[in-house]
Amino acid sequence: MLTIDGSTGEGGGQILRSSLALSLCLGQPFRIVNIRSRRRNPGLGRQHLVAVQAAAEVGRAEVTGAGPGSGEITFAPRGVWPGDYRFSIGSAGSTGLVLQTVLPALLTAKGPTRLVLEGGTHNPHAPPFEALGRAFLPLIGRMGASVSVTLARYGFYPAGGGRIEVRIDPVECLRPVELDERGRVLAVRGSAAVADLPAHIAEREARVLAAELGLDPAAVQARRIAPAVGPGNVVTVVVESEHVTEVFTGFGRRGVPAERVASDVAGSVKGYLDAGVPVGEHLADQLLLPIALTGGGSFVTQRPTLHATTNALVIERFTGARIRFDPAGPSAWRVTHVRASAAR
Ligand code: ATP
């Protein structure tokens, strides 16, 4: 059985999620040790455990060792079963990260799938709903599978209680995409939203976004979200370009001024625009695995993070392929998938 070391590179939850996703896609059993051993709270957290359970249901897998805080599990799928599923994280654990675990295999399953995912929809350190719906899933569409996602209820960290609904119409075989250019920037729009918090927070953030990004104030919306399970504040900027749409998000936190939250998001947007690349840092993380499943293709992104290179190592272990990160400009890197046969 393939053994994956969860302490490799970044040593976080992505190693587990990518291993589960690849195991389902390839029908490859695996054992993972040292799960999230480089995190402050190592082992399986609530969100990771639900990711294991979701993958186990979709793959009718035999699983050993999975429990709260586990540092080691084995996972042996029997196939991939599309259908109707509901996975409830029962905390603000990210719905996007559970989706990331089961989606790849369902993209080429024998029939459509409807998923209901309950938990956090807008979490720091995870792809928020808008990043899935506006940036990532349209690119999956270009690979041939059609995935739509609806936000039924917001779920902010730490209260959670959100709900997304996903419909997956698979394709027999995903096709490679080349995402080397962004093309012209067509629109930059911002939004600052609050749930159960004073409206002035969103208004201040909207002003900072408009000023720092040089946007017409009409292109930045300050709004209230209601009803919400708990308080939350999210700042979002959507950059629509000819060949790709990117989404940048930041979250209000106790003790951090609203202006700083908005300014950090504006900084990420400027970094992306200045780099001249189509794919931002987080979208690159989401794309690595689907690109590998297409067996080819490439994209250009910003400086690879340890998260991305660690994810690439996991993909290489499972597939035998190589993922190359080559400089493609002063702030640009080309990520290329090299098939197993050519990588040897
Ligand atoms: P843990 O061990 O706590 O589970 P992890 O390694 O799984 O950590 P992170 O490294 O924080 O988690 O990243 C999780 C995923 O969420 C990555 O795919 C990352 O790109 C994505 N992500 C994080 N922040 C954002 C964001 N603002 N927008 C889009 N995606 C994001």
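Our structure is the block above this text.
Rules and cut-offs
Residues numbered from 1 in each chain as written. Predicted model: local features only at pLDDT ≥ 70, side-chain atom pairs only at ≥ 80, totals over all residues. Heavy atoms only, no water. Near = heavy atom within 4 Å. Polar contact = N/O pair within 3.5 Å; in protein donor to acceptor, adjacent residues only side chain to side chain. Areas by Shrake-Rupley, 256 points an atom, 1.4 Å probe, with all protein chains shown as cover. Helix = DSSP H or I, 4+ residues; strand = E, 2+ residues; numbered from the N terminus. Core = buried A, V, L, I, M, F, W, Y, C linked by side-chain atoms within 4.5 Å. Buried < 20%, exposed > 50% of the residue type's maximum accessible area, 1.4 Å probe, protein only. Contact = heavy atoms within 4.5 Å. Pairing = 2+ DSSP bridges. Axes fitted to C-alpha atoms, helices over the stretch in contact; angles between N-to-C directions. Expected span 1.5 Å × (residues − 1).

(A) Summary view of the site of the ligand. As a matter of local geometry, the ligand sits amid 19 residues, with Gly13, Arg17, Arg36, Arg39 and Asp285 nearest to it. Between the ligand and Ala126, the relevant distance is 3.4 Å, taken from a nitrogen atom to a main-chain nitrogen or oxygen of the residue. Gln286 places a polar side-chain atom, nitrogen or oxygen, 2.8 Å from an oxygen atom of the ligand. Here the ligand loses 86% of its free accessible area of 640 Å² to cover by the protein chains. Listed by contribution, the elements that provide at least two residues to the shell around the ligand are α1 (13-26), α3 (95-106) and α7 (281-294).

(B) Representation of the nonpolar core within the structure. In terms of nonpolar packing, the biggest core is built from 100 residues, with Val166, Leu287 and Phe299 touching the most fellow members. If we skip the residues at most four places from it in the chain, Leu287 touches Phe136, Leu139, Met143, Leu179, Val279 and Phe299. Counting residues in each nonpolar core, the second largest holds seven residues, with Phe156, Ala193, Val234 and Phe251 among its members.

(C) Representation of the sheet that holds strand β8 (residues 162-169) within the structure. Taken together, four strands build an open sheet; the order of strands is β5-β6-β8-β7 and the sheet is mixed. This sheet does not close on itself; its edge strands, each paired only once, are β5 (84-88) and β7 (146-153). Looking at each pair of strands side by side, their axes are set apart by 15 degrees on average, direction ignored. Sheet topology note: the β5/strand β6 (residues 113-119) ladder contains five bridges and is parallel. From the neighbouring strand, Ser88 faces β6, where its bridge partner is Glu118. Against the sheet, helix α4 (residues 129-142) engages β7 and β8, with an angle of about 170 degrees to β7.

(D) Representation of the sheet that holds strand β1 (residues 2-5) within the structure. Overall, mixed pairing links the four strands, which are arranged β1-β2-β4-β3 in an open sheet. Of all the strands in the sheet, the pair left with one neighbour each is β1 and β3 (62-64). Here the strands of the sheet are splayed against their neighbours by 15 degrees on average, with no regard to which way each runs. With three bridges joining them, β3 and strand β4 (residues 73-76) adopt antiparallel strand pairing. Across the sheet, residue Glu62 finds its bridge partner in β4, namely Ala76. Contacts from α1 reach β1, β2 (30-33) and β4, with the element oriented near 175 degrees to β2. The strands touched by helix α8 (residues 306-319) within the sheet are β1 and β2, with β1 carrying the most contacts at an inclination of about 170 degrees.

(E) Quick peek at α3. The terminal C-alpha atoms of α3, which comprises twelve residues, lie 16 Å apart, in line with the 16 Å expected from a rise of 1.5 Å per residue. The buried fraction of α3 is high, at twelve of twelve residues. Listing the buried residues of α3 in full gives Thr95, Gly96, Leu97, Val98, Leu99, Gln100, Thr101, Val102, Leu103, Pro104, Ala105 and Leu106. Looking at where α3 begins, the residue whose side-chain oxygen comes 3.1 Å from the main-chain nitrogen of Gly96 is Ser94.

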